[in-house]
Amino acid sequence: MNRTIKIYIIFLVAMMALIVFVDANRPRPINWTPSFDINSKIPFGLKVFDQEKEHLFKNDSLAQIQVTPYEFFDAHYDFDTLVNTYKIKGTFFSIDHYYTIDESSTDEILYFVSHGNDAFLSMNSFSQKLEDSLKFQIDNHFFNDRIEVFFANKKIDEKEYQMKMGVSGNHFSSFDTLKTTVIGYQKAEDSTFVNFVKIPYGQGNFYLHTQPFAFTNYYLLKDRNYLYAKKVL
């Protein structure tokens, strides 16, 4: 092997080593997937929310459901004809990108709420079953840059919180105005839409919110947006 070939080989090996070094040390691209997983540390995961839940729900007893809502609530129902109600009381709480709860579980949640309990659901959209049962509709308003979210009751908070990454223009386009209480709004450009409502059902209430990204790692750690999530709760 002559001297020229050896120099070329050494040069190529050095270049390969440099490429591997640079690639290994450059910042990894950010994963913007909306996972809504309580163990996920990516921007749109719920790891921070899970870590802070004890502070967000002070003095409350929390139970994480590991089965479907139908299986969970059905197991806590007293079928005795003299009782005929649930052995537990409280609020069913769920945050997700979209409504992924099966229909049997939806029926069970409706029944649970009708017995004097509550349900808080923060999602971009809801099932047709829930929309029909609670008499509301969701629509989407496309926006160019960002939205501002705020509360109807200024005693809760007067501030408007900016949201840009991940959020959609989904909002409540119609609902029973005689029964529904508007809790919050979102503003895009010069238009304002309802994004947070309370709807009575039986002896209980549904609290429906269309900006679940407010509870993700990205927004809980960005500026003071955690205050919005805290006050929603």
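This text gives an overview of the structure that appears in the document. These figures come from a predicted structure and were not determined experimentally. (Residues numbered from 1 in each chain as written. Predicted model: local features only at pLDDT ≥ 70, side-chain atom pairs only at ≥ 80, totals over all residues. Heavy atoms only, no water.)

**Let's talk about unusual backbone geometry**
- Non-glycine residue Phe36 carries a positive phi angle of around 50°.
- Within the secondary structure, Phe36 sits in the loop between helix H1 (3-25) and helix H2 (47-56).
- We classify Phe36 as buried; its relative accessible area is 8%.
- Positioned with a positive phi, Glu189 is a non-glycine residue whose angle comes to about 55°.
- Here Glu189 is to be found in the loop between strand S9 (181-188) and strand S10 (191-201).
- Residue classification places Glu189 among the partly exposed positions, given a relative accessible area of 41%. (Helix = DSSP H or I, 4+ residues; strand = E, 2+ residues; numbered from the N terminus. Buried < 20%, exposed > 50% of the residue type's maximum accessible area, 1.4 Å probe, protein only.)

**What about the pattern of salt bridges?**
- Counting across every chain of the model gives 8 salt bridges.
- Between Asp50 and Lys53 there is a salt bridge; the shortest N-O distance is 3.0 Å. Of the two residues, Asp50 and Lys53 both sit in helix H2, 3 residues apart, roughly one turn of that helix.
- Taking the shortest distance from any N to any O, the salt bridge between Arg146 and Glu148 comes out at 3.2 Å.
- Put simply, Asp145, Arg146, Glu148 and Lys164 are held in one network by salt bridges that share partners. (Salt bridge = Lys/Arg side-chain N within 4 Å of Asp/Glu carboxyl O.)

**Focus: the layout of surface pockets**
- The computed volume of the largest pocket comes to approximately 1400 Å³.
- Considering the residues around the largest pocket, the lining is formed by 43 residues, among which Ala63, Thr91, Phe92, Phe93 and Ser94 are closest to the centre.
- Among the secondary structure elements, those contributing two or more residues to the lining of the largest pocket are H2, helix H3 (69-75), strand S3 (91-95) and helix H7 (226-232).
- Tallying contributions element by element places S3 first for the lining of the largest pocket, with 5 residues.
- In this structure, the second largest pocket encloses a volume near 210 Å³.
- If you go around the second largest pocket, the residues you meet are Val48, Phe49, Glu52, His55, Leu56, Lys58, Phe215, Leu220, Leu221, Tyr226, Ala229 and Lys230.
- Put simply, the parts of the chain that give the lining of the second largest pocket at least two residues each are H2, helix H6 (217-221) and H7. (1 Å grid on protein atoms, 1.4 Å probe; cavity = no way out; pocket = protein on both sides within 12 Å on 5 of 7 lines; lining within 4 Å. Points joined across faces, edges and corners; volume = space filled by probe spheres on them.)

**Considerations on the packing of aromatic side chains**
- Taken as a whole and judged by the stated rule, the model has 30 aromatic pairs.
- Ring centres 6.2 Å apart and planes at 80° place the aromatic pair Phe73 and Tyr86 in the edge-to-face group. Of the two residues, Phe73 is situated in helix H3 and Tyr86 in strand S2 (residues 85-86); the sequence distance between them amounts to 13 residues.
- Classification of Phe73 as buried rests on a relative accessible area of 3%.
- In this structure Tyr86 comes out as buried when scored by relative accessible area, which is 5%.
- Ring geometry for Phe126 versus Phe136: centroids 5.7 Å apart, planes at 85°, classification edge-to-face. Taken together, the positions of Phe126 in the loop between strand S4 (118-122) and helix H5 (128-134) and Phe136 in strand S5 (residues 136-140) put the pair 10 residues apart, joining distant regions of the chain.
- With relative accessibility at 3%, the residue Phe136 sits in the buried group.
- An aromatic cluster is defined as three or more aromatic residues linked by ring pairs; in this entry it consists of Phe72, Phe73, Tyr77, Phe79, Tyr86, Phe92, Tyr111 and Phe112. (Phe/Tyr/Trp six-rings, centres within 6.5 Å; stacked < 30°, edge-to-face > 60°.)

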